[in-house]
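# Architecture and fold: a report
The residues making up each chain are set out below.
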Amino acid sequence: MAEAAAPAPRVRPDGILALGGVCLLAVAPPVLEALQADYLLPTLTRMLAYGLAAAALDLVLGYGGLVSFGHSAFLGTGAYVAAALLHHANRGTPVVAWPFVVSGTSEALIILPAAAAVAGILAILIGAISLRTRGVHFIMITLAFAQMVYFLVLAVPEYGGTDGLMLPGPWRVGGFPVQSDAPRYWFAFVLVLLFMLVAQRAIQARYGLALRGARQNERRLLALGYPVFAIRLLAFTLSGACTGVAGALLADVAMFVSPDLLSWQRSGELIIMVVLGGQGTLIGPLIGAFVLLALEEELSAVTEHWMLVLGPILLLCVLLFRRGIWGMVSRAAYSG
Amino acid sequence: MLHTLAEPLLAVRGLTRRFGSLVAVSEVSLDLLAGECHAVIGPNGAGKSTLMGMIAGEIVPDAGTVLLGGEDIGRLSVAARARRGVGRTFQITELCSEFSVRQNVLLAVQTRFASPFHFLRRADRLSRLAAHVDAALVAAGLIDRAEHPAAILSHGEQRQLELAVVLACRPRVLLLDEPAAGLGLSETEELANRLAALKGRIAMLLVEHDMDTVFRLADRITVLAEGRVIASGSAEDIRADRAVREAYLGEMVDA
Ligand SMILES: Nc1ncnc2c1ncn2[C@@H]1O[C@H](COP(=O)(O)OP(=O)(O)O)[C@@H](O)[C@H]1O
Ligand SMILES: [Mg+2]
């Protein structure tokens, strides 16, 4: 709860834990191969992508105190941007023909910035309106916008409507095709790591101090002269853009996009990942993504009614670990 | 009168605010000169906090405006007024309660240097800011509590921190809404000493119930009752004013 650090030793135990986790993720491909379990690699990549989205949502939810129930809009938009660019590159048709021509591409170094840009612009528009409201109204209005995007995408027959769209093939990174699972995993891993490092910095910088301050006491921040609305809009936009990148990663690992990515259930899952892992910790939501997806995977293998089982498990987790998994772990690391 | 000779730093002109049929503040005008302490007194519900809210920009007036250094700031947002030098403490302390005492002051200090849109360097490691933060903490007597969350401070310490936070922004005008509320005798005395030390450097608009503090600090006093100015003048004039004594001071002394 308290953001004030106790007089801390220079190397904190939870820092070591986090570093250990990073190392573990870094050696996952060769280890899984040695265990002859490399069929799990795409699942891990998927977890990383969702983890990126959840950590991006944490900027808004955990640090900004704004419960966005519409982040699937950015996830799905990123995924569809990637799918559309690959689809049109394969067909040799332009993505946009008027008023200027945008042709497709299979280059990830163009696709990812494009996904970020489109999702980011969408986030500016949604944020500019939603951030004028508070509390439950904010939750409802972000949900409403996400539903609008959902139906908008359904209405474009070119991209498969409810059926979704198969991707014609994998993307290339810097000209090299990403054919196998391991490089795809590395690529996602590096992106997630980069996001974590930059975001961690930003929340401790002057900007982050202001964003976190505005969550605790908006009135005080305004009375100090902080442009609270602009600060929040920026967080929402960056969060949306990074969630868009996560969506593009999901499209690439699944080789398929469907409107399901834009549904409100995805928004809900992202919130669960954040709360389960520990909001306002960045690393917690990443853990939350791994845990939730693993639970879903395991339970759905055991029973058809996995949702009925998952619900109570999540409820227990949230009740037992008030501060989320990472909140509990890092606290235990301190006192232990 | 003397104060019409000098240009007021803060000029309140005809501020009026209704809540439904209740007129909380009615055509209130007052001046605040540079370096002066101008007290606003009046019984509960007189409209003092509403007046402060309108000056700070939090409450939109039905009529009237506010001038700061001759500039009409009556249509500016709270944050824009704050950036022009309006600092404020609230009747109920407003702090970032999860942040440490140091972080609260840092948040205020950094407003003086650049926009908050800096992303890469840790705010608490910026030595240029840290020096100012330490100085403010020492001045406020809170340096020993620097790493504690604001939430665990005593009521008196929280009030002290809020004042330190506002001062760390170097405001031109300080709006103080009952700064001594809830303080003990010695704490009130200490607060009055701190404010007395600021006199002449920062213009203060002081809302306060503690009459010892008011008469010690105020150069001028405006008395509000039911949203209207019923008297305004030098501290001596107000002390001598029979109507005020009957309407307000007597009541306060007895209370
Ligand atoms: N937001 C509001 N809605 C309705 N009435 C209000 C509101 N704020 C203040 N009032 C009323 O306006 C009058 C003045 O309040 P206030 O400015 O807080 O007085 P003071 O600070 O002098 O005690 C009171 O009668 C109060 O009940
Ligand atoms: Mg009041």
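Residues numbered from 1 in each chain as written. Chains lettered and ligands numbered in written order. Predicted model: local features only at pLDDT ≥ 70, side-chain atom pairs only at ≥ 80, totals over all residues. Heavy atoms only, no water.

When its secondary structure is counted, chain B shows nine helices and 10 strands. Compactness check: chain B gives a C-alpha radius of gyration of 19 Å against a globular reference of 18 Å for 255 residues, within 12% of the reference. Across its three principal directions, the C-alpha atoms of chain B cover 60 × 40 × 40 Å. Counting all 255 residues of chain B, 53% fall into the buried class. Within chain B, contacts between residues at least 6 apart in sequence are counted, and of these 66% link residues at least 24 apart. Summing over all exposed atoms, chain B offers an accessible surface of approximately 11,500 Å²; the carbon and sulfur share of this is 52%. (Helix = DSSP H or I, 4+ residues; strand = E, 2+ residues; numbered from the N terminus. Rg over C-alpha atoms; globule rule 2.2 N^0.38 Å. Buried < 20%, exposed > 50% of the residue type's maximum accessible area, 1.4 Å probe, protein only. Contact = heavy atoms within 4.5 Å. Areas by Shrake-Rupley, 256 points an atom, 1.4 Å probe, with all protein chains shown as cover.)

In terms of nonpolar packing, the biggest core is built from 128 residues, with A:Tyr50, A:Trp171, A:Val257, A:Leu282, B:Val105 and B:Leu161 touching the most fellow members. The element contributing the most residues to this core is helix α3 (residues 41–63) of chain A, with 16 residues. Apart from residues lying up to four places away in sequence, A:Trp171 is in contact with A:Leu86, A:Ser106, A:Ala108, A:Ile111, A:Leu112, A:Phe176, A:Pro177, A:Val178, A:Phe187, A:Ala248, A:Leu249 and A:Asp252. B:Leu10, B:Met54, B:Ile55 and B:Leu205 belong to the second-largest nonpolar core, a separate cluster that totals 25 residues. (Core = buried A, V, L, I, M, F, W, Y, C linked by side-chain atoms within 4.5 Å.)

On to the packing of aromatic side chains, then. Within this structure, the stated rule accounts for nine aromatic pairs over all chains. Between A:Phe69 and A:Trp264, the ring centres sit 6.4 Å apart and the planes meet at 90 degrees, which makes this aromatic pair edge-to-face. Residue A:Phe69 is found in the loop between α3 and α4 (72–91), and its partner A:Trp264 is found in helix α11 (residues 264–277); the two are separated by 195 residues along the sequence. Judged by centre distance (6.0 Å) and plane angle (70 degrees), the ring pair of A:Tyr185 and A:Trp186 falls under edge-to-face. Members of the aromatic cluster, connected to one another through ring pairs, are A:Phe74, A:Phe138 and A:Phe236. Its end group placed over the ring of B:Phe215, B:Arg239 keeps NZ or CZ at 4.0 Å from the ring centre. (Phe/Tyr/Trp six-rings, centres within 6.5 Å; stacked < 30°, edge-to-face > 60°. Lys NZ or Arg CZ within 6 Å of the ring centre and 35° of its normal.)

Another aspect to go through is the site of ligand 1. Residues and elements named next belong to chain B. Inspection of the region around ligand 1 gives Phe19, Leu22, Ala24, Pro43, Asn44, Gly45, Ala46, Gly47, Lys48, Ser49 and Thr50 as its neighbouring residues. Taking Thr50, its side chain carries an N or O atom lying 2.5 Å from an oxygen atom of ligand 1. Every element with two or more residues in the shell around ligand 1 is listed here: β2 (22–32) and α1 (48–56). Per-element accounting of the shell around ligand 1 gives the leading share, three residues, to α1. Looking at the shell around ligand 1, its residues break down into five nonpolar, five polar and one charged. (Near = heavy atom within 4 Å. Polar contact = N/O pair within 3.5 Å; in protein donor to acceptor, adjacent residues only side chain to side chain. Nonpolar A, V, L, I, M, F, W, Y, C, P; charged D, E, K, R; others polar.)

A word on a nonpolar patch on the surface. On the surface, a nonpolar cluster with roughly 360 Å² of combined accessible area is contributed by A:Leu316, A:Leu320, A:Phe321 and A:Met328. Taking relative accessible area as the criterion, A:Phe321 reaches 30% and is therefore assigned partly exposed. (Patch = residues over 30% accessible without salt bridge, like charges linked within 9 Å, V, L, I, M, F, W, Y side chains within 5 Å. Salt bridge = Lys/Arg side-chain N within 4 Å of Asp/Glu carboxyl O.)

What follows covers the sheet that holds strand β8 (residues 203–207) of chain B. All names here are of chain B. The six strands lie next to each other as β6-β7-β8-β3-β9-β10, forming an open sheet whose pairing is mixed. The outermost strands of the open sheet, each flanked by one partner alone, are β6 (86–89) and β10 (228–234). Averaged over all pairs of adjacent strands, the angle between their axes in this sheet comes to 15 degrees, without regard to strand direction. As paired elements, strand β3 (residues 37–41) and β8 share four bridges and run parallel to each other. By the bridge assignment for β8, Cys37 is matched with Met204. Its contacts with the sheet put helix α5 (residues 155–168) on β6 and β7 (173–177), and the angle it makes with β6 is roughly 175 degrees. (Pairing = 2+ DSSP bridges. Axes fitted to C-alpha atoms, helices over the stretch in contact; angles between N-to-C directions.)

Once that is clear, we can look at the domain arrangement of chain B. All names here are of chain B. Per the domain assignment, the segments of chain B are domain 1 (1–85 + 172–255) and domain 2 (93–170). On a C-alpha basis, the centroid separation for the pair domain 1 and domain 2 is 26 Å. Considering only the surface of domain 1 that becomes buried against domain 2, Leu174, Leu183 and Arg194 emerge as the three largest contributors, covering 43% of it. Connecting domain 1 to domain 2 are zero salt bridges. Taken together, the connections running from domain 1 to domain 2 amount to five residue pairs in polar contact (both at pLDDT 80 or more). Looking at the side of domain 1 that touches domain 2, the elements with two or more residues in it are β7 and α6 (185–198). No other element matches the five residues that α6 contributes to the side of domain 1 that touches domain 2. Residue composition of the side of domain 1 that touches domain 2, grouped by class: nine nonpolar, one polar and four charged. (Domains from an automatic or database assignment. Buried area = accessible area lost by both parts, 1.4 Å probe.)

Right, let's talk about the sheet that holds strand β4 (residues 63–68) of chain B for a bit. Residue and element names in this part refer to chain B. Taken in spatial order, the four strands make up an open sheet running β2-β1-β4-β5, and their pairing is antiparallel. Two strands lie at the open edges of the sheet, namely β2 and β5 (71–72), each paired on one side alone. Both strand β1 (residues 10–19) and β4 contribute to a ladder of five bridges, which runs antiparallel. Bridge pairing in β4 links Ala11 to Leu67. Contacts between α1 and the sheet are confined to β1, β2 and β4, with β1 contributing the most and set at about 120 degrees to the helix.

With that settled, the discussion passes to the coordination of the magnesium ion (ligand 2). For a metal with four tetrahedral donors the ideal donor-metal-donor angle is 109.5 degrees, while six octahedral donors give ideal angles of 90 or 180 degrees. All names here are of chain B. The protein atoms donating to the magnesium ion (ligand 2) are Ser49 (OG) and Gln91 (OE1), with metal-donor distances spanning 2.1 to 2.2 Å. Residue Ser49 is found in helix α1, and its partner Gln91 is found in the loop between β6 and α3 (101–109); the two are separated by 42 residues along the sequence. Accessibility expressed as a relative area gives 27% for Ser49, which makes it partly exposed. Note on Gln91: relative accessible area 34%, which makes it partly exposed. (Donors = N, O, S within 2.8 Å, 3.2 Å for Na, K, Ca; no water.)

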